[in-house]
Amino acid sequence: MKINGSNYKTIWFDSKDKVVKIIDQTLLPFEFKIISLRTFDDVVRAIKTMQVRGAPLIGATAAYGMYFASLLKDDFVFLEQKANELKQARPTAVNLAWAVERILQKVKNVTNNVSEVILSECEKICLEDISMCESIGNHGLEIIKKIKEEKKLETINILTHCNAGWLATIDWGTATAPIYKAFQNNINVHVWVDETRPRNQGSSLTSYELNHEKIPNTIIADNTGGLLMQKGKVDLCIVGTDRVSANGDVANKIGTYLKALAAYDNNIPFYVALPSSTIDWQLNDGQDIPIEERSSEELNIVSGLDQNNNVQKINIYPAESKSLNLAFDITPAKYVTGFITEKGVCDANAQSLKKMFS
Ligand code: MRU
């Protein structure tokens with residue numbers, strides 16, 4: 001998608017310099033900077049510090065991490081160790097484990113040119129992600145069209161949480177892909193963007209990317225969605241996910257569960273958009289999904305522009321105040337209207353998921 005009118009992907013391999021290029025998302029929305037990852041440690045750091053974030057992008061970046069690992073040593077036991085190191089970097093998004101396992105499977109019996117084989121698999125992972133997200137967009141577009149027609153809407157109001165946009169994937173996004181497709185099909189859309197404390201992925205990333213695509217959107221504080229739903233100002237919710245258990249429970253950015261409850265109470269469709277790489281077939285219950293706990297400093301330290309347009313970081317409460325920063329929550333499948341996947345739309349339960357991906 002576009003930034004300042006130019007097309008970008010979130011990650012790509014620079015074959016001339018043999019580095020991986022990413023957009024440093026910790027600097028957005030105030031600075032757009034492309035940086036190079038040159039080593040395995042660079043990759044781990046980029047994932048941990050959230051220079052890259054969003055489940056599919058974390059997975060793709062981790063795959064490139066395996067490429068850098070193989071440049072150090074290409075024996076399989078070493079690569080398994082490095083895969084485990086990567087898996088610890090961010091525990092909730094299953095795409096990370098999915099991607100490194102895929103690389104390990106690919107090179108299990110390979111003895112020659114291991115690094116080249118891994119690199120080509122990384123490229124495949126990225127291309128497949130783009131195509132899955134575009135398909136999610138096409139399937140989600142049908143839902144948007146249907147709701148707009150049924151409710152005879154001039155403009156459809158869609159609420160989303162966190163950033164499940166193209167910045168969280170390689171391109172298109174998951175939750176935003178149907179929105180981009182609708183906009184391209186001349187459907188009037190307006191997006192309510194949850195700010196998404198504490199890291200504000202909604203206000204600093206989702207709104208930013210929608211603005212650059214010229215899609216009307218309004219940032220709201222995280223607690224506003226419920227009231228807007230009661231007032232009839234939300235027609236549809238679409239969110240992304242970091243992991244869906246085999247029974248259809250959904251791990252996503254903290255606060256998603258509360259939005260799903262409010263949507264349920266107000267009879268508003270609540271869809272979760274995901275590529276199949278986000279399904280954890282090994283887990284039967286969402287309550288078993290590991291929840292990442294991040295530094296409590298993320299709650300306290302806020303960055304923004306000062307009067308001279310310089311980025312400053314400030315503390316918003318005394319350092320001695322205790323805080324807890326859980327990054328994700330679990331929305332039980334019963335509150336999810338459906339899953340928008342690359343294969344189509346299905347109900348949020350074990351049978352429907354199995355049927356769709358059999
Ligand atoms: O902590 P983040 O920014 O990595 O969290 C991102 C989300 O919660 C997204 O909704 C999820 O990864 C889906 S991305 C298509």
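Please refer to the structure placed before this passage.
Residues numbered from 1 in each chain as written. Predicted model: local features only at pLDDT ≥ 70, side-chain atom pairs only at ≥ 80, totals over all residues. Heavy atoms only, no water.

A. Geometry of the environment of Arg 243. Residue placement: Arg 243 occurs in strand E10 (residues 243-245). Judged by relative accessible area, which is 9%, Arg 243 ranks as buried. As a C-alpha pair, Arg 243 and Val 94 span 149 residues in sequence and 5.5 Å in three-dimensional space. Non-local contacts of Arg 243, meaning those with residues more than four positions away in its chain, are made with Pro 91, Thr 92, Val 94, Asp 249, Val 250, Ala 251, Thr 278, Asp 280, Leu 283, Ile 289 and Pro 290. (Helix = DSSP H or I, 4+ residues; strand = E, 2+ residues; numbered from the N terminus. Buried < 20%, exposed > 50% of the residue type's maximum accessible area, 1.4 Å probe, protein only. Contact = heavy atoms within 4.5 Å.)

B. Structural view of the pattern of salt bridges. Scanning all chains against the criterion turns up 19 salt bridges. In this structure, the salt-bridge partner of Asp 14 is Lys 21, at a minimum N-O distance of 4.0 Å. You'll find Asp 14 and Lys 21 in the same group, each marked buried. The closest approach of N and O atoms between Glu 292 and Arg 294, which form a salt bridge, is 2.8 Å. Here Glu 292 and Arg 294 have matching classes, each one buried. Each of Arg 90, Arg 199, Glu 292, Arg 294 and Glu 298 takes part in salt bridges that share partners, so that together they form one network. (Salt bridge = Lys/Arg side-chain N within 4 Å of Asp/Glu carboxyl O.)

C. Region of the structure containing the site of the ligand. Inspection of the region around the ligand gives 18 residues, with Ala 55, Arg 90, Gln 201, Asn 252 and Lys 253 positioned closest. Separating an oxygen atom of the ligand from a backbone N or O atom of Gly 54 is a distance of 2.9 Å. Measuring from an oxygen atom of the ligand, one finds a side-chain N or O atom of Arg 90 at 2.8 Å. For the ligand, the protein covers 100% of the area, taking 410 Å² as the surface of the free molecule. Mapped onto the shell around the ligand, the elements with two or more residues apiece are helix H2 (55-72) and strand E11 (250-253). Grouping the constituent residues of the shell around the ligand by class yields 7 nonpolar, 7 polar and 4 charged. (Near = heavy atom within 4 Å. Polar contact = N/O pair within 3.5 Å; in protein donor to acceptor, adjacent residues only side chain to side chain. Areas by Shrake-Rupley, 256 points an atom, 1.4 Å probe, with all protein chains shown as cover. Nonpolar A, V, L, I, M, F, W, Y, C, P; charged D, E, K, R; others polar.)

D. Spatial organisation of the layout of surface pockets. Here the largest pocket defines a volume of roughly 720 Å³. In terms of lining residues, the largest pocket is bounded by 24 residues, among which Thr 26, Arg 199, Ile 301, Ser 303 and Lys 313 are the most central. If you list the elements that add at least two residues to the lining of the largest pocket, you get helix H7 (201-212), helix H10 (297-300), strand E14 (301-305) and strand E15 (311-315). Of the residues that constitute the lining of the largest pocket, the class distribution is 10 nonpolar, 8 polar and 6 charged. Each of two domains, domain 1 (2-127) and domain 2 (134-356), supplies a minimum of three residues to the lining of the largest pocket. (1 Å grid on protein atoms, 1.4 Å probe; cavity = no way out; pocket = protein on both sides within 12 Å on 5 of 7 lines; lining within 4 Å. Points joined across faces, edges and corners; volume = space filled by probe spheres on them. Domains from an automatic or database assignment.)

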